[in-house]
Amino acid sequence: AAHAEMPVSQLRISGHTISAEVAHTHDTRSQGLMFRQSMGENNGMLFVFSYIGRQSMWMMNTDIPLSVAFIDGKGVILNIADMAPNTKAAHSSAGAAKYALEMNHGWFKTRNITAGAQVMGLEKVPAAE
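Given the structure is predicted, the values throughout are model-derived calculations rather than measurements. (Residues numbered from 1 in each chain as written. Predicted model: local features only at pLDDT ≥ 70, side-chain atom pairs only at ≥ 80, totals over all residues. Heavy atoms only, no water.)

**Structural notes on the side chain of Thr 28**
Thought 1: Structurally, Thr 28 is set in helix H1 (residues 26-31).
Thought 2: Within polar-contact distance, the side chain of Thr 28 engages the side chain of Thr 25 at 2.9 Å. (Helix = DSSP H or I, 4+ residues; strand = E, 2+ residues; numbered from the N terminus. Polar contact = N/O pair within 3.5 Å; in protein donor to acceptor, adjacent residues only side chain to side chain.)

This is how it looks when you write it as structure tokens:
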């Protein structure tokens, strides 16, 4: 499957730098990381939602095990969920989220990043379309 070209933004969490593709349009949010076989260690995908509210993610047609951090409008991580590949289970934000950041499974845990951590650089990402 072809992947839409997405802008890439540098984000920082607890001293770790991430190169995140930014899914800020309906089409790129819908596609997400579907059909990809791998992702670099410090690479991820940032979903920018068109409204702040309860958000949910799922793993249909996604082959890479992922961890997702739901992030509020101020850049604070609300909660982190681990997601198994090719499942239909919904993983939801613990509160009103503006962003979701998908990283390789266990990325947050191995770096001791938990709810309450601040994500830096979100002010530079494209607004949701």
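**Quick word on the environment of Leu 33**
Thought 1: With respect to the element layout, Leu 33 can be found in the loop between H1 and strand S3 (43-53).
Thought 2: Assessed through its relative accessible area of 3%, Leu 33 is described here as buried.
Thought 3: Setting aside residues up to four positions removed in sequence, Leu 33 forms contacts with Met 39, Met 45, Thr 62, Leu 66 and Glu 102. (Buried < 20%, exposed > 50% of the residue type's maximum accessible area, 1.4 Å probe, protein only. Contact = heavy atoms within 4.5 Å.)

**Overview of the nonpolar core**
Thought 1: Counting 20 residues, the largest nonpolar core has Leu 11, Ile 13, Leu 46 and Leu 101 as its most contacted members.
Thought 2: Listed by contribution, the elements that provide at least two residues to this core are strand S1 (8-13), strand S2 (16-23), S3, strand S5 (66-71), strand S8 (97-104) and helix H2 (107-110).
Thought 3: Here Leu 11 is in contact with His 16, Thr 17, Ile 18, Ala 20, Leu 46, Leu 101, Val 119, Met 120, Gly 121, Leu 122 and Val 125, once residues within four sequence places are set aside.
Thought 4: Counting 17 residues, the second-largest nonpolar core is a separate cluster that includes Leu 33, Met 45, Met 59 and Phe 70. (Core = buried A, V, L, I, M, F, W, Y, C linked by side-chain atoms within 4.5 Å.)

**Here's the deal with the environment of Met 57**
Thought 1: Residue position: Met 57 is located in strand S4 (residues 56-57).
Thought 2: Relative accessible area serves as the criterion here: at 7%, Met 57 is assigned to the buried category.
Thought 3: Residues Met 57 and Trp 107, spaced 50 residues apart in sequence, show a C-alpha to C-alpha distance of 17 Å.
Thought 4: Sequence-distant contacts of Met 57, that is, excluding residues within four places in its chain, are made with Phe 47, Phe 49, Val 68, Phe 70, Met 83, Ala 89, Ala 90, His 91, Ala 100 and Glu 102.

**Some words on the packing of aromatic side chains**
Any pair of aromatic rings gets described here by the distance separating the centres and the angle formed by the planes.
Thought 1: The tally for this structure, following the rule as stated, stands at one aromatic pair.
Thought 2: The interplanar angle of 85° and the centroid separation of 5.3 Å between the aromatic rings of Trp 107 and Phe 108 together place this pair among those described as edge-to-face.
Thought 3: A cation sits over an aromatic face here: Lys 98 above Tyr 99, 5.8 Å from the ring centre. (Phe/Tyr/Trp six-rings, centres within 6.5 Å; stacked < 30°, edge-to-face > 60°. Lys NZ or Arg CZ within 6 Å of the ring centre and 35° of its normal.)

**A few points about the layout of surface pockets**
Thought 1: Here the largest pocket is characterised by a volume of approximately 230 Å³.
Thought 2: In terms of lining, the largest pocket is formed by 14 residues, of which the most central are Arg 29, Ser 30, Phe 47, Met 57 and Trp 58.
Thought 3: When contributions to the lining of the largest pocket are tallied by element, the ones reaching two or more residues are H1, S3 and S4.
Thought 4: The element that contributes the greatest number of residues to the lining of the largest pocket is H1, accounting for three residues.
Thought 5: In the lining of the largest pocket, the residues fall into seven nonpolar, five polar and two charged. (1 Å grid on protein atoms, 1.4 Å probe; cavity = no way out; pocket = protein on both sides within 12 Å on 5 of 7 lines; lining within 4 Å. Points joined across faces, edges and corners; volume = space filled by probe spheres on them. Nonpolar A, V, L, I, M, F, W, Y, C, P; charged D, E, K, R; others polar.)

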